[in-house]
Number of protein chains: 2
Amino acid sequence: MLDVCLLGTGGMMPLPYRWLTSLMMRYNGKSILIDCGEGTQIAMKEKGWSPKPIDIICFTHYHADHISGLPGMLLTMGNAERTEPLLIIGPKGLTKVVGALRIIAPELPFEIRCLEINETWKRFDFEGFSIEAFRVNHNVVCYGYSLVVERAGKFQLDKVLELGIPKMYWSKLQKGATIVDGNVTYTPDMVLGEPRKGLKVTYCTDTRPTDSIVQNAQGADLLILEGMYGESDKLEKAREYKHMTMYEAAKIAAQVDAPQLWLTHYSPSLTYPEEYMKDVKKIFPRAVAAKDGRSAELNFEED
Amino acid sequence: MLDVCLLGTGGMMPLPYRWLTSLMMRYNGKSILIDCGEGTQIAMKEKGWSPKPIDIICFTHYHADHISGLPGMLLTMGNAERTEPLLIIGPKGLTKVVGALRIIAPELPFEIRCLEINETWKRFDFEGFSIEAFRVNHNVVCYGYSLVVERAGKFQLDKVLELGIPKMYWSKLQKGATIVDGNVTYTPDMVLGEPRKGLKVTYCTDTRPTDSIVQNAQGADLLILEGMYGESDKLEKAREYKHMTMYEAAKIAAQVDAPQLWLTHYSPSLTYPEEYMKDVKKIFPRAVAAKDGRSAELNFEED
């Protein structure tokens with residue numbers, strides 16, 4: 001239903017056998033990419049997914065390891081004869097950064113629309129889902145993102161029959177439309193039960209732990225956080241460069257009682273993230289040291 | 001002596017298991033890179049070579065597949081605490097292109113010097129070798145490059161003794177210095193025999209066949225040319241997009257009687273370049289369909 005693939009798990013620079021951190025999601029016919037570093041298009045092809053149908057690219061911030069793959073990605077999308085517009089979302093400065101990088105990708109067969117985030121929190125609504133951006137704490141302006149799928153209540157046949165709502169309106173009301181028929185107004189809540197649990201993925205790299213992460217990760221089915229360092233003596237370094245250790249990420253996951261935590265954005269010095277998982281799991285047992293290409297399919301709960 | 005590694009062999013876009021075309025050479029303590037596409041820094045690490053000591057980067061042209069890896073490469077060199085200046089050579093517009101791409105690599109611990117080529121042919125002299133740039137014929141301004149190592153003649157002890165040149169000057173004269181001692185002038189030709197055969201690598205992608213390639217490939221020990229297409233029906237496409245087929249590259253190698261030809265810069269549609277080598281070798285038997293990481297060590301001939 002909601003397909004998620006962590007295309008890469010590296011921070012700072014791409015390495016042989018470790019792509020830069022980037023998340024691709026597919027829901028309701030739309031493809032969403034968060035960050036696009038050097039090599040992300042190759043990671044995507046390795047996964048067997050195509051760059052052509054990407055509808056939205058969200059950037060957390062403009063450090064090269066999160067955006068250096070953009071010109072190549074745009075050209076590959078163009079070479080695949082994409083013509084639909086592409087939406088790019090990112091912190092202030094987006095238009096300028098994308099414009100500068102396009103010096104080597106000036107001609108594209110599709111339009112690019114840039115949406116800059118100036119607020120500490122911002123919600124973007126799409127058909128069937130929304131993207132929420134929340135400010136975090138890095139050494140440049142940086143955002144985390146949640147993809148949120150809301151799920152309406154179940155169709156209540158008993159109630160609908162009781163209220164005598166004409167059958168021709170049922171489907172439209174179920175899809176959320178309000179209908180005025182003469183002097184009678186029908187609203188979706190007349191045919192639907194209580195909203196049901198939807199789906200939520202929260203993704204955040206390049207930050208110190210913040211309250212905004214805890215607030216925005218509430219209710220996430222999948223939490224993806226950076227675990228830049230695992231070595232016990234690297235906390236100072238994490239503080240200095242405004243990154244998070246694997247233990248700090250685990251503490252956030254424990255605080256919000258996430259169903260699962262994937263760690264990513266490892267420092268190039270962190271060769272075997274698994275090495276530290278025993279200690280990480282003491283803080284949060286459902287933590288996983290993700291590897292490139294880790295995927296999940298998230299589905300609505302059975303009624 | 002002269003180490004050569006073709007880091008990648010792809011054109012247009014990076015693919016899983018095929019890096020973008022780029023050549024690294026090492027000679028006399030200097031490292032030279034020609035082109036730097038998305039992923040070139042990873043290819044370099046796979047080879048076991050470091051980006052830190054690169055002294056010179058030459059760009060053939062500014063299509064993204066030849067330059068998109070520059071910001072990441074610069075940052076990785078910076079992260080390795082490089083402080084020596086880096087020289088970048090390329091066609092007109094270099095300063096502007098490098099400047100724009102550096103929007104995501106603004107702070108580096110080393111200086112970048114840009115040398116723009118405005119001529120159809122230009123020679124750059126370094127310690128012990130030179131780089132020659134020659135204009136070719138692509139749909140944007142594009143250059144091929146030769147790395148040329150000249151080799152002085154052998155030290156002629158008999159002649160030196162006969163001329164009575166003081167021993168203290170021998171080594172300096174052998175290294176090319178001219179020495180004035182009172183009213184006597186000693187020149188290198190007094191101690192050296194005829195210049196000996198040096199080393200030469202000629203590299204050229206993204207062009208139609210041109211006289212300039214033939215002229216500049218004369219005497220090359222290793223000729224590296226693009227063979228974008230192998231399929232017999234792709235000549236029209238090669239003409240339209242200003243590329244070379246494998247057969248056209250082989251004809252040039254035959255014309256200059258090159259000791260060896262490496263083909264590179266394959267179209268993503270060319271999955272198995274080897275498939276066409278039987279026909280290519282009919283034109284030029286010493287042609288090789290190079291794969292990523294193909295290397296050679298070129299040495300001076302024995303005296």
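Calculation notes
Residue positions are counted from 1 within each chain, in the order its sequence is given. Chains carry letters from A onward and ligands carry numbers from 1 onward, assigned in written order. Only residues with pLDDT of 70 or above have their local features reported here, since the model is predicted, and side-chain atom pairs are shown and tallied only from 80 upward, although totals for entire chains, interfaces and linings are computed over all residues. Residue-level confidence of the predictor is what pLDDT reports, using numbers from 0 through 100. When the copies are superposed, the least-squares fit draws on C-alpha atoms of residues that have pLDDT of at least 70 in both. In this description, a residue-residue contact is defined by the distance between C-beta atoms placed from the backbone, which must lie within 7 Å. Each helix is a run of DSSP H or I of at least 4 residues and each strand a run of E of at least 2, with the numbering of both proceeding from the N terminus. For this classification, Asp, Glu, Lys and Arg are treated as charged, while Ala, Val, Leu, Ile, Met, Phe, Trp, Tyr, Cys and Pro are nonpolar and the rest, including Gly, are polar. Each residue is classed by its C-beta neighbour count within 10 Å, where at least 20 other C-beta atoms makes it buried, 12 or fewer makes it exposed, and intermediate counts make it partly exposed; the C-beta atoms are placed from backbone geometry. Pairing between two strands is assigned when DSSP locates at least 2 bridges connecting them. Lines are fitted to the C-alpha atoms to define the axes, a helix being fitted only along its stretch in contact, and any angle between axes, read from their N-to-C directions, falls within 0 to 180 degrees. What the arc measures is the spread of directions leading from the helix axis to the C-beta atoms.

A. Geometry of the confidence of the model for chain A. With 100% of its residues at a pLDDT of 70 or more, chain A shows a mean pLDDT of 96. Across the assembled chains, the prediction reports ipTM 0.92 with pTM 0.94.

B. The relation of the copies chain B and chain A, seen in detail. You can overlay chain B on chain A at an RMSD of 0.1 Å; the transform is a turn of 180° with a shift of 0.0 Å along its axis. Read as a symmetry element, the transformation amounts to a two-fold axis.

C. Here's a closer look at the interface of chain B and chain A. Taken together, the contact between chain B and chain A spans 27 residues of the former and 27 residues of the latter. Where the side of chain B that touches chain A is concerned, the elements lending two or more residues are helix H1 (40-47), helix H2 (64-67), helix H3 (70-79) and helix H4 (94-101) of chain B. Considering each element in turn, the side of chain B that touches chain A owes the most residues, 5 residues, to H3(B). Across the side of chain B that touches chain A, the residue classes tally to 17 nonpolar, 7 polar and 3 charged.

D. Expanded view of the environment of B:Ser68. Considering the arrangement of structural elements, one finds B:Ser68 in the loop between H2 and H3. Taking the C-beta count within 10 Å as the criterion, B:Ser68 has 30 such neighbours and is therefore assigned buried. Separated by 32 residues in the primary sequence, B:Ser68 and B:Cys36 place their C-alpha atoms 6.7 Å from one another. Dropping the residues within four chain positions of it, B:Ser68 is found in contact with A:Pro71, A:Gly72, A:Ile104, B:Gly37 and B:Glu38.

E. A look at the sheet that holds strand S12 (residues 196-204) of chain A. Residues and elements named next belong to chain A. Ordered by their spatial adjacency, 7 strands build an open sheet running S7-S8-S9-S12-S13-S14-S15, and the pairing between neighbours is mixed. Two strands close off the open sheet at either side, each with one partner strand: strand S7 (121-126) and strand S15 (287-289). Going from strand to strand, the sheet's axes swing by 20° on average, the running direction of each strand aside. Pairing of S12 with strand S13 (residues 222-226), which is carried by 4 bridges, proceeds in the parallel orientation. Counterpart to Tyr 203 in the pairing with S13 is Ile 224. Set on the sheet, helix H9 (residues 246-255) makes contact with S13, strand S14 (261-264) and S15; between it and S14 the angle comes to about 155°.

F. Up close: the environment of A:Met13. All names here are of chain A. Topologically, Met 13 is positioned in the loop between strand S1 (2-8) and strand S2 (22-27). When the 24 C-beta atoms within 10 Å are taken as the criterion, Met 13 is described as buried. Separated by 177 residues in sequence, Met 13 and Met 190 have C-alpha atoms that sit 54 Å apart.

G. Region of interest: helix H4 (residues 94-101) of chain A. Within H4(A), burial applies to A:Val97, A:Val98 and A:Leu101. For H4(A), the arc enclosing every buried residue in end-on projection is 95°, short of the 170-degree limit, so these residues lie on one face. Looking at the buried positions of H4(A), the neighbouring elements they touch are helix H2 (64-67), helix H3 (70-79), strand S5 (86-91) and strand S6 (112-117) of chain A together with H4 of chain B.

H. Structural detail: the sheet that holds S5(A). Residues and elements named next belong to chain A. In space, the 7 strands of this open sheet follow the order S6-S5-S4-S3-S2-S1-S16, with mixed pairing throughout. Each edge of the open sheet carries a strand with a single partner, namely S6 and strand S16 (294-298). Strand-to-strand twist across the sheet, computed as the mean angle between neighbouring axes with direction ignored, equals 15°. Bridging between S5 and S6 involves 6 bridges; their strand directions are parallel. Bridging across to S6, Ile 89 finds its partner in Leu 115. Against the sheet, helix H1 (residues 40-47) engages S1 and S2, with an angle of about 130° to S1. Those strands touched by H4 are S5 and S6, and its axis lies near 140° from that of S6.

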